[in-house]
Amino acid sequence: MSTENLPQSPEQPPRKPRVAVVFGGRSSEHGISVVTAGAVLKAIDRTKYDVLPIGITQDGRWALTADEPERMAIIDRRQPSVDLLAESGEGGVILPVDPANREVVYSEPGSVPKALGEVDVVFPVLHGPYGEDGTLQGLLELSGVPYVGSGVLASAVGQDKEYMKRVFTSFGLKVGPYLVIRPREWQQDESAARKKIVDFAGEHGWPLFVKPARAGSSIGITKVDDLSGLDEAIAEAQRHDPKILVEAALRGREIECGVLEFEDGPRASAPAEIPSPEAHAYYDFEAKYIDSTPGIVPAPLTPQETAEVQRLAVDAFEAVSCEGLVRADFFLTEDGEFVINEINTMPGFTPISMYPQMWQASGVSYPELVDRLVQAALRRSTGLR
């Protein structure tokens, strides 16, 4: 029978890519991750993407959360949490581990699991361990789901300040003097480990910065001006990470530069300068997120200095094999040399954070920044690349 005169069914419109924004997590940076997620959810183009917010509670449960960015803000100096946003206190979101199946399932005790649909890309806005450090990236690789940002190795190296500095040095990037105290050293001979730090101070002078080796957002960091404050600083750092890093203070200006992956490769933003905050000993967590100490964008540098720090930021991005985005932090020393302090593979991403501000000054708005990161992730496959 001829089908020429039969009515034709209309073609289905193409499905919009589905973006799962994953946030929260088990690290001490949980609250800042929630704030970042609120900004991303507010900025992402809903005419272009379907969005699925997934929060990870501080005890590790993957929760279906309300898509309400206005509730994901610091209010009266209090940070938000996934537990306050979760639609249920018991239900959990389950990602597939079969690369042929990208369907996300929501399950509650005593109820039939509910399919939430396929996810095309994950935007993981987690900061710190159990999210920014390669652990979540490994899970997404096993699931075959593309994701925003660096892969397993780059994420792990970017989280561990010791190995980050080792990689930088091997690629010819200059780093400042530092010392690592591993947990076994501290457990086996506490006095010998403390003496290493005291000897380091004798060589490089006070003050020292004592910090967790694998944390961010300036959490757990103490500026130590003399021997009397050392034990308390060590205890504070170890509260966040059993491995600690001790850095000599560098005299100079703090300069930051953003790197973003474009179609033709990574490019650097206009740099920013972080002035010494008047009410704080250094640019700590309170200065960054609570009191919102403003940076200077663009940084008042010479054209030659700007070009140099942009080159070094891209070199750092490439040295660690990063993807998507990076914020690179430097000191411009008194003798005019840039010393790299660290990179962040998922930097603070709130509208007041330096990374979006640097790209805003470079002509890339916050919504465009989010879109470029999602598009870069969609262009990549999972697996070896």
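Residues numbered from 1 in each chain as written. Predicted model: local features only at pLDDT ≥ 70, side-chain atom pairs only at ≥ 80, totals over all residues. Heavy atoms only, no water.

S.K.: How do you make sense of the UniProt feature "binding site: Mg(2+) 2" (unreviewed entry) in the protein chain when you look at a structure like this?
M.R.: Here the UniProt-annotated "binding site: Mg(2+) 2" (unreviewed entry) positions come out as Glu342 and Asn344. Examined against the element boundaries, Glu342 turns out to sit in strand S16 (residues 338-344). Owing to a relative accessible area of 12%, Glu342 belongs among the buried residues under this scheme. Relative to the helices and strands, Asn344 is located in strand S16. (UniProt positions renumbered as here; feature names shortened; annotations may be inferred. Helix = DSSP H or I, 4+ residues; strand = E, 2+ residues; numbered from the N terminus. Buried < 20%, exposed > 50% of the residue type's maximum accessible area, 1.4 Å probe, protein only.)

S.K.: Is there a simple way to think about the sheet that holds strand S4 (residues 92-94) in this case?
M.R.: Spatial ordering of the open sheet is given by S4-S5-S6, a layout of 3 strands whose pairing is antiparallel. Because the sheet does not close on itself, it has two edges, and the strands there are S4 and strand S6 (114-118). Within this sheet the neighbouring strands show an average axis-to-axis angle of 25°, counted without direction. Here S4 runs beside strand S5 (residues 103-107); their pairing, made up of 3 bridges, is antiparallel. Residue pairing for S5: Gly92 is matched across the bridge by Ser107. (Pairing = 2+ DSSP bridges. Axes fitted to C-alpha atoms, helices over the stretch in contact; angles between N-to-C directions.)

S.K.: Would you explain the domain arrangement of the protein chain in this entry?
M.R.: Interfaces are often sized by the amount of accessible area the parts lose when they come together. The domain boundaries assigned to the protein chain delineate domain 1 (18-147), domain 2 (158-174 + 251-379) and domain 3 (178-248). When each unit is reduced to the centre of its C-alpha atoms, the spacing between domain 1 and domain 2 is 25 Å. Carbon and sulfur atoms supply 68% of the area buried between domain 1 and domain 2, which totals about 1900 Å² over both sides. In terms of surface lost to domain 2, no three residues of domain 1 exceed Arg77, Phe123 and Glu132, which account for 26% of the buried area on that side. Applying the counting criterion to the domain 1 and domain 2 interface returns 1 salt bridge. One salt bridge connects Asp371 with Lys48, and the closest N-O pair in it is separated by 3.1 Å. Our count for the contact surface shared by domain 1 and domain 2 stands at 5 residue pairs in polar contact (both at pLDDT 80 or more). Going through the elements one at a time, helix H1 (30-43) and strand S7 (121-124) are the ones with two or more residues in the side of domain 1 that touches domain 2. Considering each element in turn, the side of domain 1 that touches domain 2 owes the most residues, 6 residues, to H1. (Domains from an automatic or database assignment. Buried area = accessible area lost by both parts, 1.4 Å probe. Salt bridge = Lys/Arg side-chain N within 4 Å of Asp/Glu carboxyl O. Polar contact = N/O pair within 3.5 Å; in protein donor to acceptor, adjacent residues only side chain to side chain.)

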